[in-house]
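Chain and residue survey
Below, each chain spelled out in residue letters.
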Amino acid sequence: MAFDGPDLDRAAEILAGAESLLVLTGAGVSAESGIPTFRGAGGLWRNFRAEELATPEAFARDPGLVWSWYRWRRRICLEASPNAGHLAIAGLEDRFPSFLLATQNVDGLHRRASSRRMLELHGSIHHSRCTGCGTVADLPADPGPEDAPPPRCAPCGGLLRPHIVWFGEGYHEGVLETAFAFARTAGAILVAGTSAMVWPPAAIALDGQAHGAALIDVNPEETEISRAADVWLAAPSGESLPALLARLPR
Ligand code: APR
């Protein structure tokens, strides 16, 4: 059955009346593409939790282990396809002259769904960064065997790391500032698929709401953001976002 109801009507009304839209997404948006979320079932790899591997300390201790985990995750991302939720977000971009997508996801699926005005708050699983010279580069199309040695920088020979913001690290320059500034002037903020456990991303949405944006949350589970939201669509993003897009005037 298609997703419907008064909450959807209200969310569509908010979007139809807004001149600028910020969309903030998390791992839940990619769950229907088969990519495990961080805190849900299926996020474990060889009995490690993400919090034990996505840290500078884990990389310093055992770069080979961390690269194995990223190769495993990257292969899942490459084999996955954008779902109806990603496509609806790309469709929303076409409806708003002033639009920004800020995603916590590193999987690249928003880009593959044709989102363009976007910030990857936590970097990309498809890019490496040299720990020596700092060069950021695309990783090879094929992630290769999980247990291959950690890759090295072609120009300088330094150890490469994933170009991802790990726990305990600062954000890449300018990214948060841009997201907060946009949120503060947005008419509406649509959050989808995040547990809101990681700050500052969750704070971007709440700060925007404090500055006057109407807040909509899409998540089958209750979170701090769904509690604060003006409208909570308690359904998977692959169902509710296309339904929301279909309600908007063309
Ligand atoms: N549609 C919408 N939401 C969903 C769906 C779905 N189909 N399936 C699951 N969810 C929701 C879950 O209810 C949960 O609230 O997605 C959320 C996923 O939460 P997390 O796994 O915590 O992912 P996220 O919020 O993106 O995590 C933030 O933490 O470790 C990190 O850096 C990593 O970017 C990540 C950050």
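Residues numbered from 1 in each chain as written. Predicted model: local features only at pLDDT ≥ 70, side-chain atom pairs only at ≥ 80, totals over all residues. Heavy atoms only, no water.

1. Side note on the nonpolar core
Stated precisely, the cut-off is as follows: In these notes, a set of buried Ala, Val, Leu, Ile, Met, Phe, Trp, Tyr and Cys residues joined through side-chain atoms within 4.5 Å is what counts as a nonpolar core. Each residue's exposure class comes from its accessible area (1.4 Å probe, protein chains only) as a fraction of the maximum for that residue type: buried when under 20%, exposed when over 50%, partly exposed otherwise. We count a stretch as a helix when DSSP gives it H or I for four or more residues in a row; a strand needs E for two or more, and each element gets its number in order from the N terminus. It only takes one pair of heavy atoms within 4.5 Å for two residues to be counted as in contact.
In this structure, Leu15, Leu21, Leu92, Leu190, Leu233 and Leu244 are the most contacted members of the largest nonpolar core, which totals 31 residues. Of all the elements in the fold, those that place two or more residues in this core are α1 (6-16), β1 (20-25), α6 (84-95), β2 (98-103), β7 (188-192), β8 (214-218), β9 (231-233) and α11 (237-247). Ranked by residue count, the leading element in this core is α1, at five residues. Not counting residues within four places of it along the chain, the set of residues in contact with Leu92 comprises Leu15, Leu21, Phe99, Leu190, Leu245 and Leu248. Judged by nonpolar contacts, the second largest core, of 25 residues, contains Leu100, Ala179, Leu206 and Ala229.

2. Some thoughts on the side chain of Arg129
The test is simple: Within this scheme the basic residues Lys and Arg register as positive and the acidic residues Asp and Glu register as negative, but His and the chain ends are omitted. Throughout this description, the term salt bridge denotes a Lys or Arg side-chain nitrogen within 4 Å of a carboxyl oxygen of Asp or Glu. The definition of a polar contact used here is a pair of N or O atoms within 3.5 Å, where within protein one atom must be able to donate a hydrogen and the other to accept one, and adjacent residues in sequence count solely through side-chain atom pairs.
Mapping Arg129 onto the fold places it in strand β4 (residues 123-130). Here Arg129 occupies a buried position and makes no salt bridge, while the nearest side chain of opposite charge, Glu169, is found at 4.9 Å. At 2.8 Å, the side chain of Arg129 forms a polar contact with the side chain of His163. Beyond its immediate chain neighbours, meaning those up to four positions away, Arg129 contacts Gly134, Thr135, Val136, Leu159, Leu160, Arg161, His163 and His172.

3. Examining the domain arrangement of the protein chain
Interface size is commonly expressed as the accessible surface area that is lost when the partners come together. Definition in use: Start and end points for every domain follow an automatic or database-based domain assignment. Put simply, buried area is the surface a 1.4 Å probe can reach on two separate parts but cannot reach once they are joined, added for both. Residues are grouped as follows: Ala, Val, Leu, Ile, Met, Phe, Trp, Tyr, Cys and Pro are nonpolar; Asp, Glu, Lys and Arg are charged; all remaining types, including Gly, are polar.
Under the domain assignment, the protein chain is made up of domain 1 (1-35 + 82-122 + 171-250) and domain 2 (37-79 + 123-164). The C-alpha-based centres of domain 1 and domain 2 are spaced at 27 Å. Across the boundary between the two partners, domain 1 contributes 18 residues, which contact 14 residues of domain 2. Across the interface of domain 1 and domain 2, roughly 1100 Å² is buried in total on both sides, 57% from carbon and sulfur atoms. Of all residues in domain 1, Ile35, Val106 and His172 give up the largest surface area on contact with domain 2, accounting jointly for 42% of the area buried on that side. On inspection of domain 1 and its partner domain 2, the count reaches zero salt bridges. Classifying every residue of the side of domain 1 that touches domain 2 by side-chain character gives eight nonpolar, seven polar and three charged.

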